[in-house]
Amino acid sequence: MRGRCPVIAVVGAGFSGTATAIHLLRDAAPGTRVLLIERGDRTARGIAYGTGDARHRLNVAAARMSVLPGEPDDLVAWAGCAPETFLPRARYGDYLCARLTGTAAGSAARLERLQGEVVAVRDRGGALELRLRSGGTLACDRAVLALGWLPVAAPWPGDERVVTDPWAPGALGRAAQPGTTLVVGTGPTAIDVALTVTAEPGARVVAVSRHGRLPFAHLSGLRTPAPPPDFGTGVLRLRTAERIVRAHLAQIELDGYDWRDGIDGMRPLLPGLWARVPEPDRRRFLAGRLRAWEIRRHRLAPEVAGEVAALRADGRLEVHAATVEGLRADGRRVELQLGDGRVLRGDRVVLCAGAGGTVAGTTDRLVADLLECGLAVPDPLGLGLRTAAGGALLDRRGLASPRLWTLGPLRRGELWESTAVPELRVQAAGVAGEVLAAGAVTQPLAA
């Protein structure tokens, strides 16, 4: 039977899905259909770039945010900005949209943008059936799951004064009003919420997290990463890695670098280093070292850090270190009960305690279905799904799927560094290459 071009579905149209679609369109054979499926009504946005607040900025300079691994100046040229600029995140979403549209226009393949939520996948032996929440189905030969961060169940019941998803449409708008907003979490999302809320005159934010530590800031300018240290070969124990990093950061400061340059220089090595760390040490890192790493690795744009400092100096942003034991909504006020006995009172609460969680605790229907039917299994840490080296899903028998791939946060347990543009664009190019390398198909595709 004569071969035909495949139908390839990309589920999710945030950065990972958009980047994968761009690479598929650039390299696919004429006649290939690329289905880009997004549950919302906007592509190339996702959580990160769907914000409409211009104060929400990228946390990486424009020179390092091209969607194309081999064209590092692409974003700078498109935006007409200086390489060291930390662009508004909405502007970056515009860039992704423009690159997707432009690539599709010049491609021999065909892009089809579809709105719908995929809730189940069935492998029919030669093709895939994607089941939609609406009750319909889509047929394809191969699929890439670009699902981003997994949603988790909210710890408190719904209440108009409790925002459990700050990125839901209109959620921050409801929170941006005079009064006191209690924010659970002190990471980048909490910073975004604080900036939006305090745009209203008279509004203030009280943020609380276990350690009460805000992310560090980038230094101004486009800095050169420091050469990384030698981590040796073989098994890498956590205590050994920490000793090497401490000594390395001390040495590079003597050589004129900043510790930030040292962290950035080690970044390309992280997936390989993570693979060498024994599982018990990985768990120890997650339990006791994670926050210390995150506030140094995921830094704020200098402009954002300046705004945060000004809010704190004016008393419009308070930060507390404590665990949150419970919430009570009484009358027109809400209260957070803290583990140290204190009570924080405000007019509303926004939950920013971090994205993701474990696959076992996710409310994502597609991931739950993949696990139940055995097309996927959790990684040993439960952070994501087990995959082959190129991103193909491993099933419950340990076999790599010839039809299903994933990338991004769902590979975090195995790669760790799997959530930011410099890594995701490389994954997207690699996954697209693997999908296309599978070649033409011969069997007819079911309607």
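Keep in mind that what you see is a predicted model, and the values were worked out from it rather than measured.

Engineer: When you look at the overall build of the chain in this model, what are you seeing that I'm missing?
Structural biologist: Counting its regular elements, the chain contains 15 helices and 17 strands. Taken against the 2.2 N^0.38 rule, which gives 22 Å for 447 residues, the C-alpha radius of gyration of the chain at 23 Å falls within 12% of a compact globule. For the chain, the C-alpha atoms occupy an extent of roughly 70 × 55 × 45 Å along the three principal directions. Within the chain, the fraction of its 447 residues that count as buried is 50%. Partitioning the contacts of the chain with sequence separation of at least 6, the portion at a separation of at least 24 is 70%. For the chain, the exposed surface amounts to about 19600 Å²; the carbon and sulfur share of it is 52%. When the 57 positive and 47 negative side-chain charges of the chain are each reduced to one mean point, those points stand 2 Å apart.

Engineer: I would appreciate a short explanation of the sheet that holds strand β4 (residues 118-123) in the present structure.
Structural biologist: Taken together, three strands build an open sheet; the order of strands is β4-β5-β6 and the sheet is antiparallel. In the strand order of this sheet, the two ends are held by β4 and β6 (137-140), each with one partner. Along the sheet, successive strands turn relative to each other by an average axial angle of 20°, direction set aside. Two elements, β4 and strand β5 (residues 128-132), share five bridges in a ladder whose sense is antiparallel. For V121, the partnering residue across the bridge sits in β5 and is L130.

Engineer: Just checking my understanding: could you explain empty space enclosed by the protein for this structure?
Structural biologist: Over the atoms rolls a probe the size of a water molecule, and its path tells where empty space is left. The full count for this structure, using the stated rule, is two cavities of 30 Å³ or more. Estimates place the volume of the second largest cavity at around 30 Å³. Lining the second largest cavity we find A190, I191, A194, A207, L214, L317 and V319. Of all elements in the fold, only α6 (188-197) and β11 (317-321) reach the threshold of two or more residues within the lining of the second largest cavity. Among the elements that make up the lining of the second largest cavity, the one with the highest residue count is α6 (three residues). In the lining of the second largest cavity, the residues fall into seven nonpolar, no polar and no charged.

Engineer: For this particular structure, what's the right way to read the nonpolar core?
Structural biologist: When a protein is soluble and globular, its nonpolar side chains tend to lie buried together. Ranked by size, the top nonpolar core spans 44 residues in total, and within it F15, Y49, M65, V67, L75, Y92 and L96 carry the most contacts. Among the secondary structure elements, those contributing two or more residues to this core are β1 (7-11), α1 (15-27), β2 (33-38), α3 (74-79), α4 (89-105) and α15 (421-437).

Engineer: What's the story with the layout of surface pockets in this structure? I'm lost.
Structural biologist: In this structure, the second largest pocket encloses a volume near 690 Å³. Taken together, 22 residues line the second largest pocket, and the ones lying closest to its centre are A241, E242, V245, F285 and W293. Among the elements that line the lining of the second largest pocket, the one with the most residues is helix α7 (residues 238-254), at six residues. Of the residues assigned to the lining of the second largest pocket, the class counts are 17 nonpolar, one polar and four charged.

Engineer: How do you make sense of the environment of W293 when you look at a structure like this?
Structural biologist: Looking at where W293 falls in the secondary structure, it is placed in helix α11 (residues 290-297). Judged by its relative accessible area of 16%, W293 falls in the buried class. A sequence separation of 166 residues divides W293 from A127, and the C-alpha atoms of the two residues are 42 Å apart. Beyond its immediate sequence surroundings of up to four residues, W293 is in contact with I263, L270, F285 and W416.

Engineer: Could you clarify how one ought to interpret the packing of aromatic side chains in this entry?
Structural biologist: Aromatic ring pairs are reported here in terms of the distance separating the ring centres and the angle at which the planes meet. For the structure shown, the criterion picks out eight aromatic pairs. Ring plane angle 45° and centroid distance 5.4 Å describe the contact between Y92 and Y95, whose orientation is recorded as tilted. Separated by three residues within a single helix, Y92 and Y95 lie in helix α4, roughly one turn from each other. Of the two residues, Y92 and Y95, neither departs from the other in class, the shared state being buried.

Engineer: Sorry if this is basic, but what is going on with the pattern of salt bridges here?
Structural biologist: Two side chains bearing opposite charge may form a pair once their charged atoms approach each other closely. Applying the stated criterion to the full structure yields 32 salt bridges. Where E417 meets R267, a salt bridge forms, and the shortest distance between an N and an O atom there is 3.6 Å. Placement of E417 in the loop between α14 (412-415) and α15 and of R267 in the loop between α8 (259-266) and α9 (270-276) is noted, with a sequence separation of 150 residues between them. For R267, a relative accessible area of 12% gives the class buried.

Engineer: Explanation requested: the sheet that holds strand β14 (residues 343-346) in the structure shown.
Structural biologist: Pairing between the strands of a sheet is mediated by backbone hydrogen bonds and can be parallel or antiparallel. The strand order β12-β13-β14 describes an open sheet built from three strands, whose pairing is antiparallel. Both edges of this open sheet fall to β12 (324-330) and β14, since each of them pairs with a single strand only. Along the sheet, successive strands turn relative to each other by an average axial angle of 20°, direction set aside. Pairing of β12 with strand β13 (residues 333-338), which is carried by six bridges, proceeds in the antiparallel orientation. Paired with R328 across the bridge in β13 is E335.

Engineer: Is there a simple way to think about helix α13 (residues 365-373) in this case?
Structural biologist: If you check which residues of α13 are buried, you get L366, V367, D369 and L370. Take α13 and look down its axis: the buried residues cluster within an arc of 160°, on one side only. On its buried face, α13 is in contact with β1, β4, β7 (142-145) and β17 (400-406). N-capping of α13 is provided by D364, with a side-chain oxygen placed 3.1 Å from the backbone N of L366. Remark: G374 follows α13 within two positions and exhibits a positive phi of approximately 85°.

Engineer: Honestly, the side chain of R161 in this entry has me stumped. Any pointers?
Structural biologist: Tracing the backbone shows R161 in the loop between β7 and β8 (162-163). Overall, the relative accessible area of 16% leaves R161 in the buried class. A distance of 3.5 Å separates a polar atom in the side chain of R161 from the backbone oxygen of R333.

Engineer: What is the right way to look at the pairing of β13 in this model?
Structural biologist: The side chains of a regular strand alternate, residue by residue, between the two faces of the sheet. Relative to β14, β13 is paired through four bridges, and the arrangement is antiparallel. The residue bridging E335 from the neighbouring strand is R345, located in β14.

The rules behind the values
- Residues numbered from 1 in each chain as written.
- Predicted model: local features only at pLDDT ≥ 70, side-chain atom pairs only at ≥ 80, totals over all residues.
- Heavy atoms only, no water.
- Helix = DSSP H or I, 4+ residues; strand = E, 2+ residues; numbered from the N terminus.
- Rg over C-alpha atoms; globule rule 2.2 N^0.38 Å.
- Buried < 20%, exposed > 50% of the residue type's maximum accessible area, 1.4 Å probe, protein only.
- Contact = heavy atoms within 4.5 Å.
- Areas by Shrake-Rupley, 256 points an atom, 1.4 Å probe, with all protein chains shown as cover.
- Lys, Arg positive; Asp, Glu negative; His and termini not counted.
- Charge placed at Lys NZ, Arg CZ, Asp CG, Glu CD.
- Pairing = 2+ DSSP bridges.
- Axes fitted to C-alpha atoms, helices over the stretch in contact; angles between N-to-C directions.
- 1 Å grid on protein atoms, 1.4 Å probe; cavity = no way out; pocket = protein on both sides within 12 Å on 5 of 7 lines; lining within 4 Å.
- Points joined across faces, edges and corners; volume = space filled by probe spheres on them.
- Nonpolar A, V, L, I, M, F, W, Y, C, P; charged D, E, K, R; others polar.
- Core = buried A, V, L, I, M, F, W, Y, C linked by side-chain atoms within 4.5 Å.
- Phe/Tyr/Trp six-rings, centres within 6.5 Å; stacked < 30°, edge-to-face > 60°.
- Salt bridge = Lys/Arg side-chain N within 4 Å of Asp/Glu carboxyl O.
- Arc of directions from axis to C-beta.
- Polar contact = N/O pair within 3.5 Å; in protein donor to acceptor, adjacent residues only side chain to side chain.

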